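This is what each chain is made of:
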Amino acid sequence: MRNSLTGEEFFSGHHLHATMNTIVGITGASGVVYGTRLLEVLPGRKTVIVSEEASRIAQVELGMTESDIYALADRHFTNDDMFSPIASGSVKFDALAIAPCSASTMSKIACGISDNLITRVAAVALKERRKMVLLMRESPLSSIHLSNMERLACAGAVVMPASPAFYPKPKSVQDMIDFVVGRVLDELGVENRLYRRWSGGAEKVTGSRGSRRIRR
Ligand SMILES: Cc1cc2nc3c(=O)[nH]c(=O)nc-3n(C[C@H](O)[C@H](O)[C@H](O)COP(=O)(O)O)c2cc1C
């Protein structure tokens, strides 16, 4: 697979990640496509859990069923399966990415609530000091959201808002999705060329006030 902006293969050093074991949680925020795209491009062993609300939103936004999403991963568990092996800290995984992450799931994790498999795996990731990336999608944010996000960042989680940048000059919605997902891969430690990185502002653009440099 090639990137539509750079024309390059998505991964360099792909083999380095062949043994990576990642859990992807998809929760009921808008942007289920972030989760499905992540599953498409993530190397290694992929396990997916889809919340009930995410499953309904997937149908609305993408016309995808739960089974369609499961087909993108090596294995799946239902979100009520608290007897799943991954609910225990004794079972190793390298990283958890929740994409998209609803404000509700983020807040539950920040408060130590483990009432479904996704929030339980997140609690495990925190207590076992494993990599956890939450790709939040909510706007605007209340002070409750912000303080919960701060608690998570202090506890070691990577909290990312799903916000595409415009300096790579996206030409399509897909480019914008790939920017966000590429940044998630970066945080997971997966080398990728899913988006065009900032190269120092050598390019010029013409705006209403004439030629100006693109700023980050
Ligand atoms: C169409 C639709 C879009 C939604 N978008 C968002 C969103 O972008 N962010 C968010 O935090 N919640 C959103 N919600 C609300 C969550 O789905 C709701 O809080 C749900 O309880 C989250 O459950 P979950 O985190 O277990 O999936 C949306 C709900 C619907 C029906």
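Look a little higher up for the structure.
Everything numeric here is computed off the predicted structure, so don't read it as measured data.

Quick notes on the rules
Residues numbered from 1 in each chain as written. Predicted model: local features only at pLDDT ≥ 70, side-chain atom pairs only at ≥ 80, totals over all residues. Helix = DSSP H or I, 4+ residues; strand = E, 2+ residues; numbered from the N terminus. Buried ≥ 20, exposed ≤ 12 C-beta atoms within 10 Å, placed from the backbone. Near = placed C-beta within 6 Å. Pairing = 2+ DSSP bridges. Right-handed = clockwise from strand over helix to strand, strands pointing away. Core = buried A, V, L, I, M, F, W, Y, C linked by C-beta atoms within 7 Å. Contact = placed C-beta atoms within 7 Å.

With that out of the way, let us pick up the environment of Val124. Mapped onto the elements of the fold, Val124 is located in helix 5 (residues 117-127). C-beta crowding within 10 Å serves as the criterion here: with 21 such atoms nearby, Val124 is assigned to the buried category. Once the C-alpha coordinates of Val124 and Ser90 are considered, the two residues, 34 residues apart in sequence, prove to be 9.3 Å apart.

Before going further, it helps to examine the site of the ligand. Neighbouring the ligand are 15 residues; Gly28, Ala29, Ser51, Ser102 and Ala103 lie closest to it. Contributions of two or more residues to the shell around the ligand are made by helix 2 (52-62) and helix 4 (103-110). Ranked by residues supplied to the shell around the ligand, first place goes to helix 2 with four residues.

A word on the pairing of strand 2 (residues 45-50). In summary, the side chains of a regular strand alternate between the two faces of the sheet. The buried count for strand 2 comes to five of six residues, which makes it a mostly enclosed element. Bridging between strand 1 (residues 21-26) and strand 2 involves six bridges; their strand directions are parallel. Paired with Asn21 across the bridge in strand 2 is Arg45. Taking the sense of rotation as the criterion, the β-α-β connection linking strand 1, helix 1 (residues 32-41) and strand 2 turns out right-handed. Pairing of strand 2 with strand 3 (residues 75-78), which is carried by four bridges, proceeds in the parallel orientation. Pairing of Ile49 across the sheet is with Phe77, part of strand 3.

What follows concerns the nonpolar core. Membership of the largest hydrophobic core comes to 54 residues, with the highest contact counts inside it found for Ala97, Ala99, Leu134, Leu135 and Val184. Once residues within four sequence positions are removed from consideration, Ala97 is found in contact with Thr22, Val24, Leu38, Val133, Leu135, Val184 and Leu188.

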